[in-house]
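Here's the letter readout for the chains.
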Amino acid sequence: MISLIPKVPGKEETRIMNVQDIYPLSPMQKGMMFHTLYGAENGLYVVQFMCTLGGVVAEAAFTTAWQRVFNRHAILRSGIHWEDVDDPLQIVYGECLPTIEFLDWRNVPEGELTGVSQTFLQQDRQRGFDLTQPPLVRIHLIRLAEDRYWLIFTFHHALLDGWSMSPLLQEFFLFYHQPDAAGPPLPRPYSDYIEWLGQQDTTAAAAYWQQLIADFASPTQINIDQTSLIPWDGAQKDPYAEIRQHLPAALYRRLQETARQLQCTINTLVQTTWAFLLSRYSSELDVVFGTTVSGRPAELS
């Protein structure tokens, strides 16, 4: 087992003694790892959470509170190792100091804050993470005024999803304001989920999906000039872009009402619309497309 630990010059013995657990990645994590390594400079799967804090923050208490959060959650102390092993592994370390940086932007004019912050966020995202070196989290506390801050929590998506941020922040604020608080009950560790995955019948699952899509011999083709829709100048490594569209309030209310009438989610409406769009452009009555979900059923604690 010791031979699986990634080597760090001058720190091999310390890190080996510090290892708490080793277990495989989930299929979702493996996919994120692959895309991260393939397009590291693009900041793929680097997620940023940002919020405004009021009052005056005590830096020592801020650091101590985050350290307690890290101590409670093994996933925050985990790194990923893939070299010289048959299957990628996540390695949990018993101790891991959070990466925290305090910045002072009180001299930045209010009118320039948006541009400065966007540049900062982009550069921070493109820094990415060395997956072998935990923590795969960076925390920035930026002081904007005497009693106003930005908290930026940057992390690799292989560690957390969006739903995880709320309980993490609740713990942080509890430990910041009540340093002696015991904290809420610990959630089940992620290793339990990995163990549950290993018990599933993958042969039966593969047979189900093979039967379901047996009539599809090739991917659904979109018969349009796709490159004309993307602002690509040829110099970019990957011809893709992110486009944000804000819906008018009246249209959003209509979507909500339609979803209520059909007893479905707005996400289901969006996917149904996408299916119709694929059918129209591909001239096919049956289309196939995928969507990413956690894979955790509701009955799984």
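Residues numbered from 1 in each chain as written. Predicted model: local features only at pLDDT ≥ 70, side-chain atom pairs only at ≥ 80, totals over all residues. Heavy atoms only, no water.

### Some points on the packing of aromatic side chains
Threshold: Think of it this way: a Phe, Tyr or Trp ring, Trp meaning its six-membered ring, pairs with another when their centres are within 6.5 Å, and the plane angle makes it stacked under 30 degrees, edge-to-face over 60, tilted otherwise. Runs of H or I in DSSP of at least four residues are treated as helices and runs of E of at least two as strands, each being numbered from the N terminus. Remark: exposure states derive from per-residue accessible area (1.4 Å probe, protein chains only) relative to the maximum for the residue type, with buried under 20%, exposed over 50%, and partly exposed in between. Definition used: whenever NZ (Lys) or CZ (Arg) falls within 6 Å of the ring centre and also within 35 degrees of the ring normal, the charge is taken to sit over that ring.
Within the structure shown, the criterion is met by 13 aromatic pairs. Between W66 and F172, the aromatic rings sit 4.4 Å apart at their centres with planes inclined by 15°, giving stacked as the arrangement. Of this pair, W66 sits in helix α3 (residues 59-72) while F172 sits in helix α5 (residues 162-177); the two residues are 106 residues apart in sequence, bridging distant segments of the chain. Under the relative-accessibility criterion, W66 is labelled buried at 0%. A centroid spacing of 5.5 Å and a plane angle of 50° characterise the contact between Y190 and Y193, whose relative ring orientation is tilted. Pair noted here: Y190 and Y193 are both in helix α6 (residues 190-198), with a separation of three residues, about one helical turn. Taking relative accessible area as the criterion, Y190 reaches 23% and is therefore assigned partly exposed. One aromatic cluster is present, built from ring pairs that chain together F62, W66, F102, F153, F155, F172, F173 and Y176. Lying across the ring of F175, R68 places its NZ or CZ 3.9 Å from the centre.

### Observations regarding the confidence of the model for the protein chain
Put simply, the test is: In predicted models, pLDDT denotes the confidence assigned by the predictor to each residue on a 0 to 100 scale. Residues count as neighbours in contact if any of their non-hydrogen atoms are within 4.5 Å of one another.
With 88% of its residues at a pLDDT of 70 or more, the protein chain has an overall mean of 87. Segment residues 1-13 is flagged for pLDDT under 50; beyond a separation of four residues in sequence, or across chains, it makes 19 contacts in the model.

### With respect to the sheet that holds strand β2 (residues 46-54)
Under the convention used in this document: The criterion for strand pairing is that DSSP finds at least two bridges linking the strands in question. A fitted line through C-alpha atoms serves as each axis, taken over the contacting stretch for helices, and the angle formed by two N-to-C directions is quoted from 0 to 180°.
Spatially, the four strands line up as an open sheet ordered β2-β7-β6-β5, and their pairing is mixed. Edge positions in the open sheet fall to β2 and β5 (99-104), since each of these has one partner strand only. Across this sheet, the average inter-strand angle for adjacent strands is 15°, counted without regard to direction. Judged from the six bridges that link them, β5 and strand β6 (residues 137-145) form a sheet pairing that is parallel. In the strand pairing of β6, T99 is matched with R138. In this fold α3 packs onto β5, β6 and β7 (148-156), with an angle of close to 155° to the strand it touches most, β5. Against the sheet, helix α4 (residues 113-127) makes contact with β2, β5, β6 and β7, and its axis sits at roughly 170° relative to β6, the strand it touches most.

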